[in-house]
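One letter stands for each residue in the lines below.
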Amino acid sequence: MNRVLIHPATYENIRSAVDLAFDHFPRALSGKRVLIKPNVLRSAKPDEAIATHPALVRAVVDCVESQGPAQIIVGDNPGLFNYGANEKTFEETGLMEAAKGYYQNIGTDSVKMAFNPEFMPSVSVSRAVMDADVIISLPKFKTHGLTVITGAIKNSYGILPGAQKAKLHKAAGSPERFHGLVVDVFQLRVPDLFIVDAVLGMEGNGPASPDIREIGKVLASDNAVALDAVIAQMMGVDPQRLAFFRKARQDGLGDYNPKTIEVIGELEPIEGFVLPPLGGDAIVGNPSIQEFMSQRAQLLPQASQWCTACGTCVDQCPVGALEMGDDDLPHVDAETCITCFCCQEICPEKALRLK
Ligand code: SF4
Ligand code: SF4
């Protein structure tokens, strides 16, 4: 039986909830490569509830440090609005400081992984994700216009650097297929422990809605399906109604049936919690969001006047999509480029722009 911890917390006393999470779900961390992955959707202030709160990230870093020497990395790949701006996004969310010097731009190096050819034959995953011995995922308690909730499973969508995320959105085409795609990305590397920031959550049309909801909880589990099922019940939605739960169970990742989940703490549905439409209409039926996503999926890197022709981007492109031209500028082959934007992240002159 999978277990899910629900514990009262504020951002001031969150460390005790984190300690309790490690007590219930202990992990051997000393000497290990430990990746701490918050949800860093885009630049936002901590009280906007868009990204995982810095207080949780700091508490988890402190807790991992206290368990002996480990190679800690704190990192994520931001979404649509912040492609190629990893450091800036961490700064502006307060997570750079919370990471206590362990921040790493995980968008600069990736590993090619075979993927579900229904969507794309391969994807590039941040190397820090695939190299980690232990991944601690720190989702935010939020709604999502396509998947209805964005919890433990959806937080893994950020293991993909750059605009692959937008390309896959496009390749999915429908909310139902996007649910399946999210589970396929999650399975590329299932995290080992999940600690959810549900102190300040989000309702309405997330994942960047202005409708903030005080919940006052931290949740934790070592099974994402059970944890997301508890989040869904707190939000007042039957997990059986959401396709990503059915796919995750079918793929053997866990069960969402409440009878199979032991809840440590009080599971109470949040009164009057506002959900987005369950069919994904909040995003699919919104032409401006669709247009924006389509534009982001078409972005390509282009060198500017600041380029010194150092060749770093050409050497580091994971798929060999860049070549130095006669004009001493790198040029991209649009067919080969997987829009990971590693080149933009690593350029020492910040000379690459997304066009
Ligand atoms: S890494 Fe930057 S400076 Fe170096 S060649 Fe590429 S664009 Fe130019
Ligand atoms: S040129 Fe290479 S490194 Fe740059 S975005 Fe395309 S695939 Fe990524």
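Rules behind the numbers
Residues numbered from 1 in each chain as written. Chains lettered and ligands numbered in written order. Predicted model: local features only at pLDDT ≥ 70, side-chain atom pairs only at ≥ 80, totals over all residues. Domains from an automatic or database assignment. Helix = DSSP H or I, 4+ residues; strand = E, 2+ residues; numbered from the N terminus. Nonpolar A, V, L, I, M, F, W, Y, C, P; charged D, E, K, R; others polar. Buried ≥ 20, exposed ≤ 12 C-beta atoms within 10 Å, placed from the backbone. Axes fitted to C-alpha atoms, helices over the stretch in contact; angles between N-to-C directions. Parallel < 35°, antiparallel > 145°, perpendicular 65-115°, else oblique. Contact = placed C-beta atoms within 7 Å. Left-handed = near helix turned anticlockwise from the far one by under 90°. Pairing = 2+ DSSP bridges.

Draft legend 1. Local environment of the domain arrangement of the protein. When cut into domains, the protein gives domain 1 (2-279) and domain 2 (300-354). A straight line from the C-alpha centre of domain 1 to that of domain 2 covers 31 Å. Within the residue set of the side of domain 1 that touches domain 2, elements represented by two or more residues are β4 (110-114) and α7 (164-172). For the side of domain 1 that touches domain 2, the residue count by class is 3 nonpolar, 9 polar and 3 charged.

Draft legend 2. Structural view of unusual backbone geometry. A cis amide bond, omega 15 degrees, links Gly 206 with the succeeding residue Pro 207. Secondary-structure assignment places Pro 207 in the loop between β9 (193-202) and β10 (212-221). Unlike most non-glycine residues, Lys 100 shows phi in positive territory, near 55 degrees. Within the secondary structure layout, Lys 100 lies in the loop between α4 (95-98) and β4. On the neighbour-count criterion, Lys 100 (14 C-beta atoms within 10 Å) is partly exposed. Positioned with a positive phi, Asp 328 is a non-glycine residue whose angle comes to about 60 degrees. Here Asp 328 is to be found in the loop between β13 (322-324) and β14 (330-332).

Draft legend 3. Layout of the packing of α7 against helix α8 (residues 175-186). Remark: α7 packs on α8, axes separated minimally by 8 Å, with the N-to-C direction vectors making an angle of 135 degrees. Overall, the two elements α7 and α8 adopt an arrangement that is oblique. Facing Leu 168, His 169 and Ala 172 of α7, the residues of α8 in contact are Arg 177, Phe 178 and Leu 181. Of the residues assigned to the contact of α7 with α8, the class counts are 4 nonpolar, 1 polar and 1 charged.

Draft legend 4. Up close: the packing of helix α1 (residues 14-24) against helix α2 (residues 54-65). Interhelical geometry of α1 versus α2 gives an angle of 50 degrees and a closest axis separation of 9 Å. The angle between α1 and α2 falls in the class oblique. Here α1 and α2 pass one another in a crossing that is right-handed. In this structure, α1 contributes Ile 14, Arg 15, Val 18, Asp 19 and Phe 22 to the contact, and α2 contributes Ala 55, Leu 56, Ala 59, Val 60, Asp 62 and Cys 63.

Draft legend 5. Here's a closer look at the sheet that holds strand β3 (residues 71-74). In space, the 7 strands of this open sheet follow the order β3-β2-β6-β9-β10-β1-β11, with mixed pairing throughout. The open sheet is flanked by β3 and β11 (261-264), the only strands paired with a single partner. Going across the sheet, the axis of each strand differs from the next one's by a mean of 20 degrees, ignoring polarity. The pairing of β9 with β10 spans 8 bridges and is antiparallel. In the strand pairing of β10, Ala 198 is matched with Lys 217. The sheet strands contacting α2 are β2 (33-38), β3, β6 (134-138) and β9, and the helix crosses β2 at an angle near 170 degrees.

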